[in-house]
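# Chains, contacts and geometry: an overview
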Amino acid sequence: EFMEIHEIVIQKLGHVPIVKGDFHMLPKKVQKFLAKWVYTCKPRALYICDGSHAEAEEVTHKLIERGVLTKLKKYENCYLCRTDPADVARVESKTWIATDDKYETVPHVRQGVRGILGQWKHTKELEEEVNGDFDGCMAGRTMYVIPFSMGPIGGPLSKIGVQLTDSNYVLLCMRIMTRVSADIWEVLGDNDFVRCVHSMGCPRPVQRKVVNHWPCNPDKIMIGHFPARREIVSFGSGYGGNSLLGKKCFALRIASVIARDEGWLAEHMLIMGLTNEKTGEEKFVCAAFPSACGKTNLAMIQPTIPGYKVRVVGDDIAWLRFDDKGVLRAINPENGFFGVAPGTNMKTNPNAMLSFQKNSIFTNVAETADGGFFWEGMEDEIDKNIAITNWLGQPWKIGMPGSAAHPNSRFTCPASQCPIIHPKWEDPEGVPVSALIFGGRRPTGVPLVFESYSWQHGVMVGACVKSESTAAAEHTGKKIMHDPMAMRPFMGYNFGKYLQHWLDMEKPDRKMPKIFHVNWFRVDEHGKFLWPGFGDNVRVLDWVLRRCAGDESIAVKSPIGYLPKKGSIDLTGLGDIKWDELFSLPKHYWLDDMRESKRFLEDQVGTDVPQVIWDELNAQEKRIEEQ
Ligand SMILES: C=CCn1c(=O)c2[nH]c(Cc3ccc(NC(C)=O)cc3)nc2n(CCCC)c1=O
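Bear in mind that the values here come from a model prediction, so they are computed numbers and not experimental data.

### Looking at the side chain of Ser568
Looking at where Ser568 falls in the secondary structure, it is placed in the loop between strand E32 (563–564) and helix H15 (579–583). We classify Ser568 as buried; its relative accessible area is 9%. At 3.3 Å, the side chain of Ser568 and the backbone oxygen of Ile554 are in polar contact. Those residues within four positions of Ser568 in sequence are excluded, and the remaining contacts are Trp543, Arg546, Ile554 and Trp579.

Structure follows, in structure tokens:
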């Protein structure tokens, strides 16, 4: 009688030893998924993970033996990993979204303009590339099968994924960054799951010389998404953002498509709780920032004014959904922090430092002779004369040229270890959100904080987020780059339709959160920062929350939104704050800014820009002109 393809393959699987777990205990859909990819990738063995401590110990031991991990003996259960220097960051140019209809994925970009809001390939085209790449790619290697949950296992807002990978480094990081457990199989049952397939792209016998015991295939890196069938395929890179598929690929790109279809939001946002210790009242805010704005630092700040307690729910991704009472609730779908190490120290983020003193993995940081980690910004926290080995494995000392740690080096640590992790950080229902905050690194023209006049005005503010960054390509130093909604590298579908989805979230019976914009980075004419930032940012969050509580006396109207009334932000204890300079709105700066934003949207989103956004832009431009 006719046998299902996977039945045939399973029979053939007989020659593929299953070194751990029971294939036939897996849900049928998982068996089919597995059979197809075993058939394609041709691994030497199958290892069905259970996320247990024992499993981590076994895999860690193997990686130490193989020289992939080095134990950092100064801490408990911490390891250093050096990658191949050719495999150190996400590769946006090799990141693709495949749909049949191009404009489901990318907007109608102006003729001759290079689209920067996502890269599209036709489904068939990417499928052909994938089949070519993955054919036999795991020869001589073990395929790990990782069942994981984004969000607390079984939670109503959580989603399940299954990742196949030939990298046991990825397995170790996935069990920190997501919830990996054999319980997933029964929770999943016969439901759908996000299919994640990852390979380092180095079948044995290896063709390309392996550097640092880090197999990879830099020339053939491809990170592909098939949103319609909730599938992610990643080839050639072992590096975090490309290989821990639960993070950017699943929890942002694919999840934003699921959220579009199911009526919620998957955003590049931190989630933090602020408790007013006088009233005991706690409110939560979500904030979206481009890179280099200190998002993780803000998520875990130590308040500098008495009377506030800050606790973190998440530092990178938020899944937001209105509940049946019309309250917006957020969960952190992740289980750990995967933060930029350089710049993190006991001054800028003591709570992060205290999160990775054990059970953590450090990638491309430097190592001290006494078995500790080191990176730029930690100079005052180690013995100045200690011998250091840099991320390339070379001897290094403070003061020497070059960087000790790679600028994109990372700590990977369990969120549960953060001293100020919120007690409800794993509440399946999520936490109630009072305010959404966008921000960017804006050295000139943009005030410390402003509040949008309405939800749709706030969506326009989010769409116009820009931030100063060392322009990757040119070596002309810093440029102000667009990063709309701080989601530019993580869009799952047509940005214009995504803006429309945000606008559609507003409904009469819902308590819509207020939308704010902050800028910690304004400088004076000498280039000196006008705002102390860091823990003092709690003063701005305090103003935000008083606005959310309906305090009308602390805001004044301006062409770009409500500004704090002079003196309405608690500056106690701060030296001289040049308020007028910090909050000035140079007319010509803002006229240029608005025109530049309109031009950006015309070029990059074109006819897909919702009319309401044009209305908000034009109304704001008019307000600026008339002021
Ligand atoms: C919650 C903190 C957010 N935040 C900030 O608010 C912040 N502000 C600044 C600029 C700045 C730097 C130094 C001082 N002060 C002194 C004493 O050096 C003040 C402001 N840098 C900041 N950084 C670090 C750069 C981003 C990775 C930062 O993360």
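Moving on from the coordinates now.
### Things to note about the site of the ligand
Close contacts around the ligand come from 15 residues, with Gly294, Asn297, Gly533, Phe534 and Asn537 the closest. Taking Phe534, its main chain carries an N or O atom lying 3.1 Å from an oxygen atom of the ligand. At 2.9 Å from an oxygen atom of the ligand is found a side-chain nitrogen or oxygen belonging to Asn537. Protein contact buries 65% of the 630 Å² of open area that the ligand shows by itself. Class assignment for the residues of the shell around the ligand results in 10 nonpolar, four polar and one charged.

### Section: the sheet that holds strand E23 (residues 388–389)
In a beta sheet, neighbouring strands pair by backbone hydrogen bonds and run either parallel or antiparallel. Sheet architecture is open: four strands sit in the order E22-E21-E23-E24, paired in antiparallel fashion. Two strands close off the open sheet at either side, each with one partner strand: strand E22 (373–374) and strand E24 (395–396). Where E23 lies against E24, two bridges are found, and the strand directions are antiparallel. Paired with Ile388 across the strands is Trp396, a residue of E24.

### Brief notes about the pairing of strand E14 (residues 269–276)
In terms of burial, E14 is a largely internal element, eight of the eight residues being buried. Burial along E14 is two-sided: the face carrying Met269, Ile271, Gly273 and Thr275 and the face carrying Leu270, Met272, Leu274 and Asn276 are both buried. As judged from the eight bridges shared by E14 and strand E15 (residues 281–288), these two strands associate in the antiparallel manner. Note that in E15 the partner of Gly273 across the bridge is Phe284. In this structure, the hairpin formed by E14 and E15 is closed by a connection of four residues, where Gly280 is found at a positive phi of approximately 70 degrees. Bridge analysis of E14 against strand E16 (residues 308–314) gives six bridges, and the strand direction is antiparallel. Following the sheet pairing, Leu274 is matched in E16 by Val310.

What counts and what doesn't
Residues numbered from 1 in each chain as written. Predicted model: local features only at pLDDT ≥ 70, side-chain atom pairs only at ≥ 80, totals over all residues. Heavy atoms only, no water. Helix = DSSP H or I, 4+ residues; strand = E, 2+ residues; numbered from the N terminus. Buried < 20%, exposed > 50% of the residue type's maximum accessible area, 1.4 Å probe, protein only. Polar contact = N/O pair within 3.5 Å; in protein donor to acceptor, adjacent residues only side chain to side chain. Contact = heavy atoms within 4.5 Å. Near = heavy atom within 4 Å. Areas by Shrake-Rupley, 256 points an atom, 1.4 Å probe, with all protein chains shown as cover. Nonpolar A, V, L, I, M, F, W, Y, C, P; charged D, E, K, R; others polar. Pairing = 2+ DSSP bridges.

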